[in-house]
Each structure stands twice: as C-alpha cells, then as structure tokens.
Amino acid sequence: MSASASDPKRAVPASSEGADPQKQSPAFQIEDLHVWFGSRAVLHGISLNIPSHQVTGIIGPSGCGKSTFLRALNRMHEFTPGARVQGRIRLFGDDIYESSGDPILLRRRVGMVFQKSNPFPTMSIQENVLIGLRLAGTRNRELLEERLEEALRMAALWSEVKDRLHAPGTELSGGQQQRLCIARALAVRPEVLLMDEPCSALDPIATAQIESLIRDLGQRYSIVLATHNLQEAGRTADRTAFFLEGRLIEFGSTKKLFTNPSQKQTEDYLTGRFG
Amino acid sequence: MSPQPNPSHPKPHSQKEASNEERADSRHFWIRKVVDRFFQILSILAAIVVISPLLLVFVFLLSSGGSSLTWDFLTQLPKPVGETGGGMANAIVGSCILVSLATLVSTPVGVLGGICVCEYGDARLRAAIRFTADVLNGVPSIIWGIVVYSWVVLRMKTFSGLAGGLALSFIMIPLILRTTEDVIRLVPSAYREAGLALGLRRGQVILHIILATARRGVLTGVLLAAARVAGETAPLLFTAFGNRVWAAHLQEPMAALPLQIFTYAISPYPDWHRQAWAGALVLLALVFFMSIVVRALAKGKSQ
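Please read all numbers here as calculations on a predicted model, not as lab measurements.

Attention now goes to the overall build of chain A. When helices and strands are counted, chain A shows 11 helices and 10 strands. In terms of overall size, chain A behaves like a compact globule, its C-alpha atoms giving a radius of gyration of 18 Å where 275 residues would be expected to give roughly 19 Å. With the C-alpha coordinates aligned to their principal axes, the bounding extent of chain A is approximately 55 × 45 × 35 Å. Per-residue burial for chain A yields a buried fraction of 55% across its 275 residues. In chain A, once contacts between residues fewer than 6 apart in sequence are set aside, the share between residues at least 24 apart is 68%. Accessible surface computed for chain A: about 11,700 Å², of which carbon and sulfur atoms make up 46%. Taking the 33 positively charged and 31 negatively charged side chains of chain A as two groups, their mean positions are separated by 1 Å.

Next comes the structure, spelled out in structure tokens:
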C-alpha cells in the first residue's frame, strides 16, 4: 500500500475536457434507468448521481439489481440476449448510450472488476496487465513497462510479483489474482472502476487488503462498489446507495445511511429484518 | 475460489485409524463393501473388453505383417506384378500428403465454424449449424467420395491427390467444428466478460483470449479428426484413386496406405498379402502416434 502512495509516477486518470475533474462534477449522472431481461423488469427507474473521486457503495439483498445496475454503466448488457436498457446515463457529461458512441471506447473509460478473479489463464502476470493496452494498439515498449509497474503498484501487487512477472497469472493466490485483475483494469487508465462484489470469494486477510486498496484508489478514481456485505460497504464506501427489488430506496453518506437511515426499509434491512 | 470447509461430510477414515470394531459390527458395512467390490470387478472387466481388441489387433498385425516390415518396405516403390519385394513408400508419403492437405483445408473452416456457433449469430442459426454438422458427421464416407468425384474428378478429367484431400477434408470439417465448439464452450464466460470489460473488440476477445485458452483442445480435435481420416479408404477410391509410382504433383492420382492395403489384400499374390499386413501395421502405427501426440497435448494443458 505504502509503495503506491509514495510512487511519483502514479497516474492521474484522464478526465473529460472542460469539466473540473475534482469533487464537484459527478462521474455518472443516471436518470430513470430501466433494465429488462426479456419481459422481466429488473431495474425500475433508477436516478442517481455518482460522485467522482469517491467510493460509492451499492448495497441490497441478492437479486435487488446491484450487478444489473453496474453492468448498465459499461454497457455489458449488450451481450446478454434479451436484455434491454432504457434511460439516460452520462459519464462526465457524455451520454454513454448515445447511438454514435462506441461501447469499446466507453469500456476503456469505465473499468470493471468481477466477483470471481479471472486472470487470463494463458497469459503471464505481465501479459495480463498489459493486454488491454497492447490490443488497443500500444507498441512502445518503454511506455508498456512504465504502465505495467504503475498499474501493479496501484494495485499494491508490485512488490509481490516484480521478480516473477513472467509467471502465469493463475499461479498467484486468490487475493493476489483479484489484485492482478484490478491492475489489469487500471492499466488502461480508466476514469471509473466498477467493482462487483470483489471480495466475496476471498478470505478475511485478502479481503482486508482489497478493501484498503479500494479506499486508496477512491482518492484517485471514481469507484462504484456493489456488495452484499454491509460491513464492507461501511468500511470502504464514502457514500452508499441501498437498492431493493430494482428500486433505489436511499442514497447518502455512508455514515448517515448506516447510523440514521431516513427510510424504514433501509433500517429494516440494516437491522437484519430481511435480506 | 476460496476453499470452503465442508463440515457436513464426515472424513473418510483409513482402516487403521478408524475404530475398526464399531464399523465391522454393522451389517451395512459388509453389504456396502461387497457391492463396492462387485462394481469394481465389473468395471475392470469392462475396461479389459475395451483394451483387448487394440492389443489383439496389434499382436495379429505384428505376427502377420511384422516380417514384411523391412527398410525396403518403407523406402521402395511397389514392384511390378510377379516380382517379389518392393515397398509402399509412395503410399506412406501419399497418405501423409492427403491428410495434411485435408487438415489444411478443414482446420480454418471447422474452427471458424465452431467459433461462429459459439460466439455469433442468433440461437436459431446456431442450432441449424450444429444440427447440420451432426448430420454431416453421420454421412457415410463413401458419399463424400462420390460427391468429390462428380464435382472435381469429372471436371478435372483426372483422379488426383487434390480430390482425395478434399474428400477427406469434408469428413474432417464437421468433426473439427463440433470439437471446437465443445472446447470453446468450456472456456468460462468470466474470461469473455473480463476481455470485453477491458475495452477489447469482440474479435480480439475471441482470438486472444477464448481461442488462446482453448487452443490445446482445438489442436487435439484437429489431430483426432486427422487420425480418423488417415484410415479412410472409401472416399479415396475414386478421388485419389491410388498410384503405383510417385505422384509428381497434386493433379495426378496419388497413392494412399488404405488404398494400397485394399488393393493388395484382395489380390491373389501371397507376397502382396504380407505387404498388406505390413501396410496395415504402418497405418496403425501412424494413427497410434497421432493419438500419443494428442495425449501429450491434453496432458500439457493441466501443467
């Protein structure tokens, strides 16, 4: 962790031109977002501003639409047969569902980390981190090496793997693999990082490492963290949104939401009355 | 990912550390033990039935053709009728050329087809392609011989190695398509999603991630298909046709081991019969060798 904090080459994510990248302008402005799978509505009109350079937690019971919500933010639903998305989502002002927009470019701005770590099994640690840049056409070796170290440092993995960058990524432990996936997502310098229950398959020590990493990264990136683990949201998120059955029930600072929720349903969920 | 302890299952104790008397007392224990042993014996018998034909064939071929399997047999052309000696060098090389040609033609088509079935197109198209491949897999191989005969041989006005390779490739395509599809389906969708979420194009994900992950499986499928057609005789009868001398190029009739074996086996000459046995031995060795390569590939996968 300390390595990344002291690294001078640490990246500042590119931001959309014009807008002030600091705290004021929201990363995502979401208006009336609906998602259907076939005839089944999963999200019923979510409106929410996700602040930049903060960690936004999404909590709620299984099936409340957390993952569906995240996947709408980088247009991953386009590969799900029968999925339909309606509503408007702006990323730093740009409408991401605009017909002229290329989802490929969007996904380079919006990175994603999944529930189960998934380093590419045929690639080494180094290849895993650099695949996004390489296939986007970056050939410059110096730049690639620089980005490799930068991404691994930011993911707090550099010191553990710097002597075996050519080892297969799948040789790492579960927590290291997940950090490798974070490094892989960071290497293309996204502006936002979506994390879909990144710790749910990890042991407590690896979880603590990733959570501390998320808090660090939250200073530089806008992070959206979906989790069904309330403590995790409490420990890492600056702001928290509570979803229930495809609706946004409450959104506010984590402290306020956990200690003094304004909605009865939120309170019931937090006190374990359901979910 | 994380290893979950499963406290619900009692740990299987080895006989030494378990309290033996307690278990032996229960009648269920003995019944289970007998049933267990019975199934063990049954499955061992089944395994023997599976393995023994291979051993029998090997022993039989070795005893009938082993003596004719000389250096001359591997390096010489067939002698004219009536003379003893000579070999099947042209047929061995011809078979290698035909199978390579068929592999070259069928691999891109089969692999791309398999990718198409898994990754592109709507469900109905995919089902249609898969069904077609299954039907094609069931088409008797002589049909391919006739088809290629009427399409290629009649048009070129000559039997040729080209036609033979094409006939074999028609058999290989659906085999390769189906195995490619199967191994691509085994690639967890998590990798596909991770690639897409990184901003890779769909083609890049398929080529660099999915196909890379499944490459050993694809290669195994190609080799198995090649091994399968290496022994095909019927589709070559009126395409490659066979040749008693070297074929100068692909537009000439070409010798192949199965054809040569067929011709020699139905001949009236005892010397040719022996050579047919030797040829069969070489053919089997070739296929066996390919299977060993396949095994090695499949093993390397887990390494």
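Resuming the write-up.
The subject of this paragraph is the UniProt feature "transmembrane region" (unreviewed entry) in chain B. Residues and elements named next belong to chain B. According to UniProt, the "transmembrane region" (unreviewed entry) feature falls on residues 38-62, 91-117, 129-152, 158-177 and 276-298. Along residues 38-62, the helical share is 100% and the strand share 0%, with 36 Å between the first and last C-alpha atoms. End-to-end, the C-alpha atoms of residues 129-152 are 25 Å apart, and along that stretch the chain is 92% helix and 0% strand.

For an α-helix the count is 3.6 residues per turn, leaving residues at separations of three or four pointing the same way. Across the eight residues of helix H2 (residues 66-73) of chain A, seven count as buried, placing the element largely inside the fold. Here H2 of chain A has its buried residues at Lys66, Thr68, Phe69, Leu70, Arg71, Ala72 and Leu73 of chain A.

Bringing the side chain of Gln178 of chain A into the picture now. Residues and elements named next belong to chain A. With respect to the helices and strands, the residue Gln178 is situated in helix H7 (residues 174-187). What makes Gln178 buried here is its relative accessible area of 1%. Among the polar contacts listed, one links the side chain of Gln178 to the backbone oxygen of Pro198, at a separation of 2.9 Å. Once you skip the residues sitting within four places of it in the chain, Gln178 turns out to touch Val113, Phe114, Gln115, Lys116, Ser117, Pro198, Leu202 and Ile210.

All names here are of chain A. Look at helix H8 (residues 204-217): 20 Å from first C-alpha to last across 14 residues, which is about the 20 Å you get at 1.5 Å a residue. Where H8 is concerned, the buried positions are Ala206, Thr207, Ile210, Glu211, Ser212, Leu213, Ile214 and Leu217. The N-cap of H8, judged by a side-chain oxygen 3.0 Å from the amide nitrogen of Ile205 a few residues on, is Asp203.

On to the pairing of strand S2 (residues 40-51) of chain A. Moving residue by residue along a regular strand, the side chains alternate between the two faces of the sheet. Residues and elements named next belong to chain A. Here strand S1 (residues 26-37) runs beside S2; their pairing, made up of nine bridges, is antiparallel. Within S2, the residue paired with Pro26 across the bridge is Pro51. Here S1 folds back onto S2, and the loop between the two strands holds two residues, one of which, Gly38, carries a positive phi near 65°.

The next subject is the interface of chain A and chain B. Each side of the interface is counted separately: chain A has 27 residues, and chain B has 20 residues. If you sort the residues of chain A by the area they bury against chain B, Phe120, Thr122 and Leu135 of chain A come out on top, with a joint share of 26%. Where chain A meets chain B, there are two salt bridges. For Asp102 of chain A, the salt bridge is made with Arg201 of chain B, and the minimal N-O distance between the two is 2.9 Å.

Bringing the packing of aromatic side chains into the picture now. Evaluation of the coordinates by the stated rule reveals 14 aromatic pairs over all chains. Between Phe60 of chain B and Trp277 of chain B the ring centres are 5.2 Å apart and the planes differ by 85°, which places this aromatic pair in the edge-to-face class. With Phe60 of chain B in helix H2 (residues 27-65) and Trp277 of chain B in helix H13 (residues 270-302), the pair connects residues that are 217 residues apart, well separated along the chain. The side chain of Arg84 of chain A reaches across the aromatic face of Trp36 of chain A, ending 4.3 Å from its centre. The ring centre of Phe251 of chain A lies 5.3 Å from the NZ or CZ of Arg239 of chain A, which sits over that ring.

Our next topic: the nonpolar core. Phe28, Leu33, Phe69, Leu73, Val192 and Leu194 of chain A are the most contacted members of the largest nonpolar core, which has 73 residues in total. With seven residues, helix H10 (residues 215-230) of chain B is the single largest residue contributor to this core. Ala156, Leu157, Ala187 and Leu225 of chain A belong to the second-largest nonpolar core, a separate cluster that totals 39 residues.

Okay, the confidence of the model for chain A next. Looking at chain A, the pLDDT average stands at 88 and 91% of residues meet or exceed 70. Across residues 1-23 of chain A the pLDDT falls below 50, and counting only partners more than four positions away or on other chains, this stretch makes 39 contacts in the model.

Residues and elements named next belong to chain A. Secondary-structure assignment places Thr227 in the loop between strand S8 (222-226) and helix H9 (230-236). Taking relative accessible area as the criterion, Thr227 reaches 3% and is therefore assigned buried. Polar side-chain contacts of Thr227 include one of 2.9 Å to the backbone nitrogen of Asn229. The contacts of Thr227, once residues within four sequence positions are left out, are Ile58, Ile59, Gly60, Lys66, Glu197, Glu232 and Ala233.

So, about the environment of Arg216 of chain B. Residue and element names in this part refer to chain B. One can find Arg216 in helix H10. For Arg216, a relative accessible area of 27% gives the class partly exposed. As a C-alpha pair, Arg216 and Lys79 span 137 residues in sequence and 43 Å in three-dimensional space. A polar side-chain atom of Arg216 sits 3.5 Å from the main-chain carbonyl oxygen of Leu297.

This next bit is on the sheet that holds S1 of chain A. Backbone-to-backbone hydrogen bonds pair the strands of a sheet. The strands run either parallel or antiparallel. All names here are of chain A. Pairing within the open sheet is antiparallel, and its four strands lie in the order S2-S1-S4-S5. Pairing within the sheet leaves two strands with one partner each, and these edge strands are S2 and strand S5 (94-95). Seen against the sheet, H2 touches S1, S2 and strand S4 (83-91) and runs at an angle of roughly 120° to S1.

Reading the values: rules and limits
- Residues numbered from 1 in each chain as written.
- Chains lettered and ligands numbered in written order.
- Predicted model: local features only at pLDDT ≥ 70, side-chain atom pairs only at ≥ 80, totals over all residues.
- Heavy atoms only, no water.
- Helix = DSSP H or I, 4+ residues; strand = E, 2+ residues; numbered from the N terminus.
- Rg over C-alpha atoms; globule rule 2.2 N^0.38 Å.
- Buried < 20%, exposed > 50% of the residue type's maximum accessible area, 1.4 Å probe, protein only.
- Contact = heavy atoms within 4.5 Å.
- Areas by Shrake-Rupley, 256 points an atom, 1.4 Å probe, with all protein chains shown as cover.
- Lys, Arg positive; Asp, Glu negative; His and termini not counted.
- Charge placed at Lys NZ, Arg CZ, Asp CG, Glu CD.
- UniProt positions renumbered as here; feature names shortened; annotations may be inferred.
- Polar contact = N/O pair within 3.5 Å; in protein donor to acceptor, adjacent residues only side chain to side chain.
- Expected span 1.5 Å × (residues − 1).
- Pairing = 2+ DSSP bridges.
- Buried area = accessible area lost by both parts, 1.4 Å probe.
- Salt bridge = Lys/Arg side-chain N within 4 Å of Asp/Glu carboxyl O.
- Phe/Tyr/Trp six-rings, centres within 6.5 Å; stacked < 30°, edge-to-face > 60°.
- Lys NZ or Arg CZ within 6 Å of the ring centre and 35° of its normal.
- Core = buried A, V, L, I, M, F, W, Y, C linked by side-chain atoms within 4.5 Å.
- pLDDT = per-residue confidence, 0-100.
- Axes fitted to C-alpha atoms, helices over the stretch in contact; angles between N-to-C directions.

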